[in-house]
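Residue strings, one per chain:
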Amino acid sequence: MKNIVILGSTGSIGTNTLDIVDRFPEEFHVVGLTAGSNDEKLEAQIRKFRPAFAALANEAAAAKLRDRCADLPVKILAGNEGVAEVAQSQDAELVISAIVGGAGLLPTLAAIRAGKQIALANKEPMVMAGALMQAEAKKHHVRIFPIDSEHSAIFQSLEGHRREDVKRIILTASGGPLWGFSREQLQDVSPERALQHPNWKMGSKITIDSATLMNKGLEVIEARWLFDIPETQIEVLVHRESIIHSLVEYTDRSVIAQLGLPDMRTPISYAMRYPERMPLDLPSLDLTEISTLTFFKPDHARFPCLQLGYEALRIGGTMPATMNAANEVAVEAFLQSGIRFLDIPDIIRSTMEAHAPRPIDGLDDALDADHWARDKAESLVHALTR
Ligand SMILES: NC(=O)c1ccc[n+]([C@@H]2O[C@H](COP(=O)([O-])OP(=O)(O)OC[C@H]3O[C@@H](n4cnc5c(N)ncnc54)[C@H](OP(=O)(O)O)[C@@H]3O)[C@@H](O)[C@H]2O)c1
């Protein structure tokens, strides 16, 4: 029995994780659950999984949750500090990090510093402060297991091989909901259309990141820190069907890949139960049914966000945190219909151009850059929507 905490339990990764717990109740015990503001969904999860601790980042929602759960033996905490406290719960062995965005940095780091093993879906903290997170993980003897399907595929393709034999890693990208759209079509695309992902059902922020290819830019940076590999050895390949989840090429030109139908429960379960594989009752991959797999080079002209990710990584220091924060602001503004789809890369680029990067010597450097970039990007959004 493994004691787990799920940060972001009401989201897409969080509910998939609880689906695994539900299928294997003898394997996992839920110690803590956290979310942002969805008190209704969190209450239902608390009633079903009976954690000792829960938290909502939104304090008013946490007060409501306390009333709703008055009949239950659960301690309900509030605010970002409350979420971070649950992340460090004494009994927890594994923390599933599945908050969306930079809001996950503090609780995930708190869990690492408390010596909890991490199953990481929340890529943005790795983008903001990857070197710092890995240094803390090393110091506290913590392993960070990737949940992102591409990074899980790389992790699996590296198993049993010598790291010095790796020539390059190749992250696959579905191309997202808008692949093949002309510039004119992209200019007028609605949030509803951009949210229609062909292969994956995910939260709205990552779905828009997938549409802009910023998701792949974030993943290149995540891969750099998860696998300690320079950006010159990380490539991206558009693969529309999302069957090959990523590949590793070795110096003898052997290529090892991991394949499977697109279902996040596979990489989540691998991160939760490593090195064992869980007997998941899911459909098997039938390649005769799929028949054709297609591959393309990324289209940097129409989807410039991937290049921005590489650029931020090359510049280093506080630039990736700046890029990430500007992206979060721009995506939110697009979803609220304030700005157009092609304004997203423009806002990120302008924010990055205005930023004077500094080294990240501690958490405050990453957080300061995050705050600065949010203000800058918000002023750019404001100028566009006035
Ligand atoms: N979905 C996927 O298939 C997938 C695949 C690979 C990687 N990822 C990564 O996994 C992370 C989660 O993605 P998702 O698709 O599961 O997102 P999601 O469905 O939007 O869920 C986000 C979760 O974070 C919580 N949350 C939001 N803001 C918060 C805050 N300020 N403080 C604390 N909790 C907060 C939400 O709570 P409320 O419900 O209360 O808002 C929810 O539980 C992202 O970093 C994403 O890039 C996702």
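Residues numbered from 1 in each chain as written. Predicted model: local features only at pLDDT ≥ 70, side-chain atom pairs only at ≥ 80, totals over all residues. Heavy atoms only, no water.

In the annotation of an unreviewed UniProt entry, the entry for the protein chain reads 1-deoxy-D-xylulose 5-phosphate reductoisomerase, and the organism field reads Nitrospira defluvii. UniProt lists a comment for the protein chain under the heading Catalytic activity (unreviewed entry), and it reads "2-C-methyl-D-erythritol 4-phosphate + NADP(+) = 1-deoxy-D-xylulose 5-phosphate + NADPH + H(+)". (UniProt positions renumbered as here; feature names shortened; annotations may be inferred.)

Engineer: How would you explain the pattern of salt bridges if you had to name every residue and give the values?
Structural biologist: Two side chains carrying opposite charge are able to pair once their charged atoms lie near each other. In the structure shown here, the tally under the stated rule is 30 salt bridges. Between Asp 188 and Arg 340 there is a salt bridge, and its shortest N-O distance comes to 2.8 Å. Taken together, the residues Asp 188 in the loop between helix H8 (183–187) and helix H9 (191–194) and Arg 340 in the loop between helix H15 (319–335) and helix H16 (343–354) connect sequence positions 152 residues apart. On the basis of relative accessibility, which here comes to 41%, the residue Arg 340 falls in the partly exposed class. The partner of Glu 328 in a salt bridge is Arg 374, and the shortest N-O contact between them spans 3.1 Å. On the criterion of sequence distance, the pair formed by Glu 328 in helix H15 and Arg 374 in helix H17 (residues 363–385) is long-range, its members being 46 residues apart. Bridged by salt links that share partners, the residues Asp 39, Glu 40, Glu 43, Arg 47, Arg 68 and Asp 71 form one connected network. (Salt bridge = Lys/Arg side-chain N within 4 Å of Asp/Glu carboxyl O. Helix = DSSP H or I, 4+ residues; strand = E, 2+ residues; numbered from the N terminus. Buried < 20%, exposed > 50% of the residue type's maximum accessible area, 1.4 Å probe, protein only.)

Engineer: I'd like a description of the UniProt feature "binding site: 1-deoxy-D-xylulose 5-phosphate" (unreviewed entry) in the protein chain, backed by residues and values.
Structural biologist: In the numbering used here, UniProt assigns the "binding site: 1-deoxy-D-xylulose 5-phosphate" (unreviewed entry) feature to Lys 123, Ser 149, Glu 150, Ser 174, His 197, Ser 210, Asn 215, Lys 216 and Glu 219. The residue Lys 123 is located in the loop between strand S6 (117–120) and helix H6 (124–139) in this model. The contacts of Lys 123, once residues within four sequence positions are left out, are Asp 148, Ile 206, Asn 215, Leu 218, Glu 219 and Glu 222. Residue placement: Glu 150 occurs in helix H7 (residues 149–158). Beyond its immediate stretch of four places on either side in the chain, Glu 150 contacts Leu 171, Thr 172, Lys 216, Glu 219, His 245 and Ser 246. (Contact = heavy atoms within 4.5 Å.)

Engineer: Give a description of the site of the ligand that names residues and reports values.
Structural biologist: As a structural note, the neighbourhood of the ligand is formed by 24 residues, with Thr 10, Ser 37, Asn 38, Glu 124 and Gly 203 the closest of them. Here an oxygen atom of the ligand sits 2.9 Å away from a polar atom, N or O, in the main chain of Ser 12. Computed on the free molecule, the ligand has an accessible area of 900 Å², of which 84% lies beneath the protein chains in the complex. Along the lines of polarity and charge, the residues of the shell around the ligand split into 11 nonpolar, 10 polar and three charged. (Near = heavy atom within 4 Å. Polar contact = N/O pair within 3.5 Å; in protein donor to acceptor, adjacent residues only side chain to side chain. Areas by Shrake-Rupley, 256 points an atom, 1.4 Å probe, with all protein chains shown as cover. Nonpolar A, V, L, I, M, F, W, Y, C, P; charged D, E, K, R; others polar.)

Engineer: An account of the packing of aromatic side chains is requested, with residue identities and associated values reported.
Structural biologist: Taken as a whole and assessed by the stated rule, the structure comprises eight aromatic pairs. On the basis of an interplanar angle of 15 degrees and a centroid distance of 5.8 Å, the ring pair of Trp 179 and Phe 303 is categorised as stacked. With a gap of 124 residues between them, Trp 179 in the loop between strand S8 (166–173) and H8 and Phe 303 in the loop between helix H13 (287–290) and helix H14 (305–315) connect regions that are remote in the sequence. Plain terms: the ring middles of Phe 334 and Phe 341 are 5.6 Å apart, the flat faces sit at 70 degrees to each other, and that makes the pair edge-to-face. Exposure remark for Phe 334: the relative accessible area of 1% places this residue in the buried category. Each member of the aromatic cluster is reached from another via a ring pair, and the members are Phe 145, Phe 155, Tyr 270 and Tyr 274. (Phe/Tyr/Trp six-rings, centres within 6.5 Å; stacked < 30°, edge-to-face > 60°.)

Engineer: Explain the sheet that holds strand S2 (residues 28–35) to me, using residue names and the numbers behind them.
Structural biologist: Spatially, seven strands are ordered S4-S3-S2-S1-S5-S6-S7 in an open sheet, and the strand pairing comes out parallel. Two strands lie at the open edges of the sheet, namely strand S4 (75–78) and strand S7 (144–146), each paired on one side alone. Going across the sheet, the axis of each strand differs from the next one's by a mean of 20 degrees, ignoring polarity. Pairing of strand S1 (residues 2–7) with S2, which is carried by six bridges, proceeds in the parallel orientation. (Pairing = 2+ DSSP bridges. Axes fitted to C-alpha atoms, helices over the stretch in contact; angles between N-to-C directions.)

Engineer: Requested: an account of the domain arrangement of the protein chain, with residues and values cited.
Structural biologist: For the protein chain, the assigned domains are domain 1 (2–146) and domain 2 (151–385). Summarising the inter-unit geometry, the C-alpha centres of domain 1 and domain 2 are found 23 Å apart. Across the boundary between the two partners, domain 1 contributes 37 residues, which contact 41 residues of domain 2. Between domain 1 and domain 2 lies a buried interface of about 3,200 Å² when both sides are counted; carbon and sulfur atoms form 70% of it. At the junction of domain 1 and domain 2, the tally comes to four salt bridges. When the shortest N-O distance is used, the salt bridge between Arg 265 and Asp 19 registers 3.1 Å. Our enumeration of links across domain 1 and domain 2 arrives at nine residue pairs in polar contact (both at pLDDT 80 or more). Those elements giving two or more residues to the side of domain 1 that touches domain 2 turn out to be S1, helix H1 (12–23), strand S5 (94–97), helix H5 (105–113), S6, H6 and S7. By residue number, the principal contributor to the side of domain 1 that touches domain 2 is H6, which donates nine residues. (Domains from an automatic or database assignment. Buried area = accessible area lost by both parts, 1.4 Å probe.)

Engineer: I'd like a description of the UniProt feature "domain: DXP reductoisomerase C-terminal" (unreviewed entry) in the protein chain, backed by residues and values.
Structural biologist: In the UniProt entry, the feature "domain: DXP reductoisomerase C-terminal" (unreviewed entry) is given for residues 259–375. Span residues 259–375 is 56% helix and 1% strand, its end C-alpha atoms 41 Å apart.

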